[in-house]
Amino acid sequence: MHASFLNRKSRRVLALVLVLASTAILAAGAASASAGHGHRGFGHSRASITSQPWGTADGTPVNLYTLDNGRGMTVTITNFGGIVQSINVPDRHGQVANVALGFSNLAGYVSDDYTTTASGETYFGAIIGRYANRIANGSFTLNGVTYYLNQNNGTNTLHGGAPVSQWNTKVWAATPISGRHSVSLELTYTDPAGTAARVPPMAPPAGNGFPGTVTAKVVYTLTQDDALRMDYTATTDAPTVINLTNHTYFNLAGEGSGGVQGQDLMINADSYTPVNANLIPEGGIVPVAGTPFDFRTAKPIGQDINSGDTQLVLAHGFDHNWVLNRSGSGLSLAARAYDPASGRVLTTWTTEPGVQFYSGNFLVGDLVGTSGHTYRQTDGFTLETQHYPDSPNQPNFPSVVLKPGQVYKNTIIFKFSVQK
Ligand code: BGC
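Residues numbered from 1 in each chain as written. Predicted model: local features only at pLDDT ≥ 70, side-chain atom pairs only at ≥ 80, totals over all residues. Heavy atoms only, no water.

Q: Help me get a handle on the overall build of the protein, residues and values and all.
A: Broken down by element type, the protein carries 3 helices and 30 strands. Counting the 420 residues in the protein, one finds 52% classified as buried. The long-range share in the protein, meaning contacts at least 24 apart out of those at least 6 apart in sequence, stands at 67%. Within the structure as shown, the protein displays about 17,200 Å² of accessible surface, and the carbon and sulfur contribution to it stands at 56%. (Helix = DSSP H or I, 4+ residues; strand = E, 2+ residues; numbered from the N terminus. Buried < 20%, exposed > 50% of the residue type's maximum accessible area, 1.4 Å probe, protein only. Contact = heavy atoms within 4.5 Å. Areas by Shrake-Rupley, 256 points an atom, 1.4 Å probe, with all protein chains shown as cover.)

Q: Which residues make up the packing of aromatic side chains, and what values go with them?
A: Within this structure, the stated rule accounts for 27 aromatic pairs. Centroid distance Y272 to W322: 6.3 Å. Interplanar angle 40 degrees. Geometry classified as tilted. One end of the pair, Y272, is in strand β19 (residues 269–273); the other, W322, is in strand β22 (residues 319–324), with 50 residues separating them in the sequence. Both residues of the pair, Y272 and W322, belong to the buried class. When the ring of F318 is compared with that of W322, the centres are 6.1 Å apart and the planes differ by 50 degrees; the resulting orientation is tilted. Assigned by exposure class, F318 and W322 land together as buried. Positioned over the ring face of F295 is K299, at 4.3 Å from the centre of the ring. (Phe/Tyr/Trp six-rings, centres within 6.5 Å; stacked < 30°, edge-to-face > 60°. Lys NZ or Arg CZ within 6 Å of the ring centre and 35° of its normal.)

Q: Got a sec to walk through the environment of W322? Specific residues and values, please.
A: Given a relative accessible area of 0%, W322 falls into the buried group. Residues within four places of W322 in sequence aside, it is in contact with I267, A269, S271, Y272, V288, F293, F295, P353, G354, V355 and F357.

Q: Pulling in residues and values, what's your account of unusual backbone geometry?
A: Here the amide bond leading from G129 into R130 is cis, since omega sits at 0 degrees, within 30 degrees of zero. Mapped onto the elements, R130 comes out in the loop between β6 (127–128) and β7 (134–135). Positive phi is not limited to glycine here, since H159 has a value of about 55 degrees. With respect to the element layout, H159 can be found in the loop between β10 (157–158) and β11 (173–178). A relative accessible area of 4% places H159 in the buried class.

Written out as structure tokens, the structure is:
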């Protein structure tokens, strides 16, 4: 009896030793793989996607997913609002920093959406839908019917309307996908149709106010060449308007490290759409030549930001739509940002006709970010590739109408590299 007990016990000890040894081997393999980051050959990488519970929103469990390309870049994304919570990329010396502004936990994002702060709702890192940026007077007319939306930005509808209507407040269904040379996270959400049109809009509409139930999918892919790619598709069961984007604020020196005024920006655009005092495009498409909006040749973000230009005064800095120079209908270069201090470069491509470059004008230092630092004006910038603001009310802008049977498609690429 005693002997057989000892035998069982020693068998268990032996099994434990074997398990520990194999774990160590895996760990060593992982260590050598990460030590091999100097190698940029695809054969040496070990891309992975892992998840951890990250709390609940509206009683639904939320996860934080970590996409690791096995080559030194990781991105964390939560299925709450499809928010890109961090983007961790090396500088020219291999030092990794998180270049995306955000919060350290889910409560930070929920509070950003539902608590009134002086900085307003920031939409850090989020998927923006059903209509990114502003729709004037919270209404538009489609096929002869006027629709009334939630007005959440003065009289405008901004980024989908009231928080309860915004896609960045929804828990998206998530499916991790491991490819041969990349890892992806697929997110889906079905946005119900709002109420039918009412005249006049005496009360906020029930739901978002937009016609049509929209079924949306966003696939985030982290590639071997340090690109975060976002593929958006959507369909509708009734004619509607749609404009989707991602709302990541970048600071290429690392979030919470101060201002981005010294970081260079090139925007591939010969013209932009000036705005009125409500930040609604006035309708014109105006050349950037000879204005502070000329980013055709890279220049520091801060170079002209205090120039006193009327448009910069209205928006408290840059918060405008640039009309991109496009070649064909596929992916096209939108912008390139470069931080001379760290050497980090961000290059953005898009299938969309415009980019909203926003210089974080409304951050006033009342939000504590991921690393425990406050965010103040110009501590980050966004490059929101999308259709032009207020397109549903602007007949000379490209159409944002989506009809049943059509598939809305939009691809965004944020690619990172270093310049020596
Ligand atoms: C808008 C800004 C707004 C910011 C955060 C940007 O996309 O253009 O005007 O303040 O989002 O809400």
